[in-house]
Amino acid sequence: MASFHICHYKSTFQSKAHSPPNQSPPSILTSQVALISKYTPYKPNCTKFNISIRPKHTQIYNHVDQSIESSSTAHESPLTIGIVGFGNFGQFIVKVLKRQGHNVLATSRSDYSDYCQQHGIEYFRDVDGLCSQQPDAILVCCSILSTESVIRKIPIHKLKPNTIFADVLSVKLFPRNLFLEVLPPGFGIVCTHPMFGPESGKHSWAGLPFVYDKVRITENSIQEQKCNQLLSIFEKEGCLMVEMSCEEHDRHAAGSQFITHTIGRILSHLNLESTPISTKGYETLLQLTENTVSDSFDLYYGLFMYNVNATGQIENLDRALETVKQKLFGRLHDILRKQIVERVPMQGLAHKKREVSTSTAYFLPNTHGIKDLNSLAMPSPPRERKEEAVPLAPD
Ligand code: NAP
């Protein structure tokens, strides 16, 4: 049922893909839709695989989720979690997994064996070795851009048939659809997005939102119990648990996270620095800039390219800047126009101009002063009016 919108995306993509060759190339938005909808499973598969894709209503828990608590008891044995992608975020999240007593395995493109040895993590130079250990859950922490190639290289046949696949990608519809396409029906799927990272969550995760969508979990099974145990890791840290569909997540994230990152990226080009008279607002902007650029550009690009709502937000931002500029320059323009119209009589309007000019505010610069816009900020002293000196336009 909930796949309705996704099926709509697919048909949009298909109709573009079959358009005649002389049509204009697909827009950025079309490419985004294509990337995301590429992985949309057909509805018949949903029935065949008995996928529980139900419409999700957002649920927020600022206390332990009862459904999760009921099936995760104090006697549970720790999970074995295989992290795929051990960069900035993988290393950030692993500290908590270890502290809570879970067994952690890791693999990544780069070699992190020294780091892992020091931190009691079993490191595998390739994903085959990690899968041979048959972890309860695979936690995908690689970049959004590399996720497809990384997932397709995973030797699924080496894993237990009820393995749970979870991800932490900052976009959600894309990994959800990819998982549904690539993973066999018995595999569990839970898509998550911790709405914090190494900077914002360095002191504590308490109160920070954690979004999740149990896309495909077999009810009343050991898989469900392990899924709840996985989610309870974040609850135990005090995260604000938000159950939300992947689609809804992407809509909200484009209007919040993507805008935040975009503003941070724009500000970073201004080379702003702290000053002795910085306001709190300004310091907040400096902090935002620092946080934003500490994330990789790949991450930001992934937010743009793999969230179909991002292009609209960039356009909104553009329009908003235009509106603000128009308000500023529009007012300035009014002042300048008033100057020109009232001080320089136009053809056929000479008499009228003279009349009007008597009411001209003395602090406005004369037509010569218009060349220097600073004169608008520095009122000139009142002058003696010499109307005869104002050149009249020839008849
Ligand atoms: P990132 O630049 O998005 O991802 C870096 C990770 O991707 C590293 O593990 C890197 O492996 C791997 N990777 C990059 N290109 C690859 C390729 N071509 N092939 C295979 N692996 C590749 O930075 P990140 O901050 O660590 O984010 C990781 C994930 O967490 C992303 O999906 C992001 O959306 C999500 N996330 C991040 C934050 C945050 O605040 N940073 C918050 C929530 C969620 P190597 O290190 O081995 O090169």
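Residues numbered from 1 in each chain as written. Predicted model: local features only at pLDDT ≥ 70, side-chain atom pairs only at ≥ 80, totals over all residues. Heavy atoms only, no water.

Draft legend 1. Highlighting helix α14 (residues 310–343). Here α14 spans 49 Å end to end across 34 residues, near enough to the 50 Å set by a 1.5 Å rise per residue. A310, T311, Q313, L336, Q339 and E342 are the residues of α14 that are buried. (Helix = DSSP H or I, 4+ residues; strand = E, 2+ residues; numbered from the N terminus. Expected span 1.5 Å × (residues − 1). Buried < 20%, exposed > 50% of the residue type's maximum accessible area, 1.4 Å probe, protein only.)

Draft legend 2. Layout of the packing of helix α11 (residues 246–268) against helix α12 (residues 280–294). Where α11 contacts α12, the two axes come as close as 8 Å, and the packing angle between them is 100°. In this view, α11 runs roughly perpendicular relative to α12, as classed from their interaxial angle. The residues of α12 that touch α11, namely those facing T260, H261, I263, G264, R265, L267 and S268, are L285, L288, T289, T292 and V293. (Axes fitted to C-alpha atoms, helices over the stretch in contact; angles between N-to-C directions. Parallel < 35°, antiparallel > 145°, perpendicular 65-115°, else oblique. Contact = heavy atoms within 4.5 Å.)

Draft legend 3. Geometry of the site of the ligand. Near the ligand lie 26 residues; those nearest to it are S108, S110, Y112, S170 and S296. N88 has a polar backbone atom sitting 3.3 Å from an oxygen atom of the ligand. Between S110 and the ligand, the recorded distance is 2.7 Å, taken from a backbone N or O atom to an oxygen atom. Relative to its unbound accessible surface of 870 Å², the ligand loses 86% to contact with the protein. Looking at the shell around the ligand, the elements with two or more residues in it are α5 (88–99) and β7 (188–194). (Near = heavy atom within 4 Å. Polar contact = N/O pair within 3.5 Å; in protein donor to acceptor, adjacent residues only side chain to side chain. Areas by Shrake-Rupley, 256 points an atom, 1.4 Å probe, with all protein chains shown as cover.)

Draft legend 4. Main features of the pattern of salt bridges. Applying the stated criterion across every chain yields a total of ten salt bridges. The salt bridge involving K172 is made with D167; its shortest N-O contact spans 2.7 Å. K172 sits in the buried class, given a relative accessible area of 1%. (Salt bridge = Lys/Arg side-chain N within 4 Å of Asp/Glu carboxyl O.)

Keep in mind that these numbers describe shape and distance, not what the molecule does.
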